[in-house]
Amino acid sequence: QSLSTLSFTQPFRKKHSFSFTQELDYTKELNDLSFFAKEVNGEKYNEFIPGYSNGWIKKGWLSTSALSFNFRLEDFEIAPALHALAINRAHLFSRGPDAPMHYTYLYPSLNAKWKAYNLSYYRTIQEPFVGDLQQEIEVSNPLLKQYGNPFLRPTSTQHLSLNAFKFQSKSNSS
């Protein structure tokens, strides 16, 4: 797995700035689960059992970009931003169909401060876990039957928060 980050901030005027951030994440993960049976007259587990064995490879790119502006006027500060997320990954399974992911998202965020108050809105996007995508029944545990869906899309969550901060000068805490 490799991660590259590029960040640039350019102030303009005294109380304004603009920022650009680009992150690029390449992943190649291999996970194999191999089952072996014990030899009839031996103590070693040498007989490979393909019906119980499983594995997957997850590889590809995830790219995140953000463009934001920061404006400050007296006690008020606002920072709107525009984010772009591109997912281009393949999930290759040793059993069952593969699950490619090719998605692009464009979404806003906002952070506003006034004196001791802070209003924040942002969105998070989470890829499904590989085990949730595999369409093969897991047979390693007879009490657990997990059947994945290769057509799952990333989940999106929106967050909104309003906070008030008060500094206690006697105890140096907030």
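Located above this text is the structure these notes cover.
Attention in this report is confined to the structure presented alongside it. (Residues numbered from 1 in each chain as written. Predicted model: local features only at pLDDT ≥ 70, side-chain atom pairs only at ≥ 80, totals over all residues. Heavy atoms only, no water.)

## Here's the deal with the overall build of the protein chain
Here is step 1: Counting secondary structure elements, the protein chain contains 1 helix and 7 strands.
Here is step 2: With respect to the principal axes defined by its C-alpha atoms, the protein chain has extents near 85 × 40 × 25 Å.
Here is step 3: By the burial criterion, 22% of the 174 residues in the protein chain qualify as buried.
Here is step 4: Excluding contacts between residues fewer than 6 apart, the proportion of contacts in the protein chain whose partners are at least 24 apart in sequence is 57%.
Here is step 5: Surface exposure of the protein chain reaches about 12,400 Å², of which carbon and sulfur atoms provide 57%.
Here is step 6: The centroid of the 18 positive side-chain charges in the protein chain is displaced by 14 Å from the centroid of its 15 negative side-chain charges. (Helix = DSSP H or I, 4+ residues; strand = E, 2+ residues; numbered from the N terminus. Buried < 20%, exposed > 50% of the residue type's maximum accessible area, 1.4 Å probe, protein only. Contact = heavy atoms within 4.5 Å. Areas by Shrake-Rupley, 256 points an atom, 1.4 Å probe, with all protein chains shown as cover. Lys, Arg positive; Asp, Glu negative; His and termini not counted. Charge placed at Lys NZ, Arg CZ, Asp CG, Glu CD.)

## What about the packing of aromatic side chains?
Here is step 1: Counted under the stated rule, the structure contains 6 aromatic pairs.
Here is step 2: Relative to Tyr117, the ring of Trp114 lies with its centre 6.0 Å away and its plane at 15 degrees, an arrangement referred to as stacked.
Here is step 3: Overall, the relative accessible area of 43% leaves Trp114 in the partly exposed class.
Here is step 4: Connected via pairs of aromatic rings, a cluster forms that spans Phe8, Phe18, Phe69 and Phe71. (Phe/Tyr/Trp six-rings, centres within 6.5 Å; stacked < 30°, edge-to-face > 60°.)

## A closer look at the pattern of salt bridges
Proximity of charged atoms lets side chains of opposite charge pair with each other.
Here is step 1: Following the criterion strictly, the structure yields 2 salt bridges and no others.
Here is step 2: When the shortest N-O distance is used, the salt bridge between Arg89 and Asp25 registers 3.3 Å. In this pair, Arg89 sits in strand S4 (residues 76–93) while Asp25 sits in strand S2 (residues 16–38), placing the two residues 64 residues apart along the sequence.
Here is step 3: Accessibility expressed as a relative area gives 4% for Arg89, which makes it buried.
Here is step 4: A salt bridge links Arg89 to Glu127, with the shortest nitrogen-to-oxygen separation between them at 3.2 Å. Taken together, the positions of Arg89 in strand S4 and Glu127 in the loop between strand S6 (117–126) and helix H1 (130–133) put the pair 38 residues apart, joining distant regions of the chain. Neither residue differs from the other here; Arg89 and Glu127 are each classed as buried.
Here is step 5: Counted as one network, the salt bridges with shared partners bring together Asp25, Arg89 and Glu127. (Salt bridge = Lys/Arg side-chain N within 4 Å of Asp/Glu carboxyl O.)

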